[in-house]
Amino acid sequence: MRALGDWFASLPRAPGRAFVLLFVLAFSVRGFILTKLPEGAIRPDTRWEAPAIAVSLAERGAFADAYALPTGPTAHLPPIPIALTALCYRVMGTDLAGGYAAWAMEAAVDAAVWAVLPWVAVSAGLGGGAGLLAGAVGVVIPRWSGHGESMAAVAMAFLMVAFLRRWRLGPTRLGASLLLGVGAGASFHVQPALLPVVLGWMAAEWGWGGVRRRGLHSALLALGMLLACLPWAWRNLQSLDAVFFVRDNFGLELRMGNHEGAAAAMDAMDRLGEHRHPRARVEEARRVQELGEVAYMREAGREAWGWIRENPGRFAELTASRIAQWWLGPFYYPPGALLVTALTLMALAGAWRAFPALAPPQRAALLAPLLLFPLVHYMVAYMPRYREPVDWIFVLLAAAAVVPRPGA
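A brief structural summary.

The rules we used
Residues numbered from 1 in each chain as written. Predicted model: local features only at pLDDT ≥ 70, side-chain atom pairs only at ≥ 80, totals over all residues. Heavy atoms only, no water. Axes fitted to C-alpha atoms, helices over the stretch in contact; angles between N-to-C directions. Helix = DSSP H or I, 4+ residues; strand = E, 2+ residues; numbered from the N terminus. Parallel < 35°, antiparallel > 145°, perpendicular 65-115°, else oblique. Contact = heavy atoms within 4.5 Å. Nonpolar A, V, L, I, M, F, W, Y, C, P; charged D, E, K, R; others polar. Buried < 20%, exposed > 50% of the residue type's maximum accessible area, 1.4 Å probe, protein only. Salt bridge = Lys/Arg side-chain N within 4 Å of Asp/Glu carboxyl O.

### Some details on the packing of helix 10 (residues 174-188) against helix 11 (residues 194-204)
Angle between the axes and distance between the axes: these two values describe a pair of packed helices.
And step 1. Put simply, helix 10 and helix 11 touch, their axes get as near as 9 Å, and they point 155° apart. Classified by the angle between their axes, helix 10 and helix 11 sit roughly antiparallel to one another. Each of A184, S187 and F188 in helix 10 lies in contact with helix 11, whose residues at this interface are L194, L195 and V198.
And step 2. For the contact of helix 10 with helix 11, a count of residues per class yields five nonpolar, one polar and no charged.

What follows is the structure, given as structure tokens:
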């Protein structure tokens, strides 16, 4: 019994063992919940963009048909989460078995988010104890994000540790900078909003000395990102006759959040019937067929920017509400807003307590995602899932408010 107690006591200092324990517990919780869900929720449902594209990719090898009518090749969603879901469907079929496989894959990714936190916390200077507590909290917060939010969270955690290691040891090998750039570029194909976070980290490292040939290493980082983005860009050029950064749907998302009668949150617009989207409306899907996807998205963007120029006051109101809901939770669902607000306040308390003792690189590593990741989301209709890729940072900082750092 004492040996078992000693083993648990050693977990904050042993991120590898903590990962195994947290992953097994988190995956078990999610697996149990999965057995209780109705089959209708598990079966792939092509009424929505992500499973529709995944089914098309699994059955026909085409990253296509995201909308209410067949519209051909698409870049509406980033490719990596869809490709992994499509692999599950390809191996297990596009019926119930494939649905269970895809849900189990997502459960494993979400479990990994929380299992890596002791490792991340040690690298960020918050201590393995805070990471272990944050991971334990995450064990009982199961989520199955339909658009790769958990994958984005894992990618962000690994990139954060990689940059912290780079800053601690110095980027002495040119190949390591190139490889980090390739990894960062690959992560953009999980969630393009990771780009400003990576750029923030790249800019931050110019703020402290000790890095020889800093310009060359930064150039290799950028080259690696470019190389990672080339295959998908080439596919888009061949299939859609256009070059853009990963996704082509920003114009549509901007219009959905900024038009006459728009609300700050997507759920509110759903209730009002203000959901002008080619997945929800056949007439919009026909417009995609007529114009082509890229031209349709550009047209939607012009409409949105035109409305914003004509209604700057209303745009400012919507943006302020979206910013507030990002940090404080969905105003249309008070219990959820209360929980998110409490988490944000606890995270601020943790940052206030921990940051004075952290090195500048550690503070930069934690602040860049919190400040830069949400920027694009402030401009489009708010959805709670948009914050999921950085929720683990809030939980980690909240844990740091109650768990003392080693040596503190």
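From this point, the discussion proceeds with the structure in view.
### Some thoughts on unusual backbone geometry
And step 1. Notably, D241 is not glycine yet its phi reads approximately 60°, a positive angle.
And step 2. Relative to the helices and strands, D241 is located in the loop between helix 12 (214-240) and helix 13 (250-257).
And step 3. Classification of D241 as exposed rests on a relative accessible area of 66%.
And step 4. A positive phi angle is found at V246, which is not glycine, with a value near 65°.
And step 5. Here V246 is to be found in the loop between helix 12 and helix 13.

### Re the pattern of salt bridges
And step 1. Considering all chains together, one arrives at 16 salt bridges under this definition.
And step 2. The closest approach of N and O atoms between R143 and D391, which form a salt bridge, is 3.0 Å. Of this pair, R143 sits in the loop between helix 8 (128-139) and helix 9 (149-169) while D391 is found in helix 20 (residues 388-400), placing the two residues 248 residues apart along the sequence. Grouping residues by exposure puts R143 and D391 together as buried.
And step 3. The closest approach of N and O atoms between E317 and R314, which form a salt bridge, is 3.1 Å. Placement of both E317 and R314 in helix 17 (residues 312-328) is noted, with a separation of three residues, approximately one turn of the helix.
And step 4. The exposure class of R314 is partly exposed, given its relative accessible area of 35%.
And step 5. Connected through salt bridges with shared partners, the residues R255, R276, E284 and E303 form a single ionic network.

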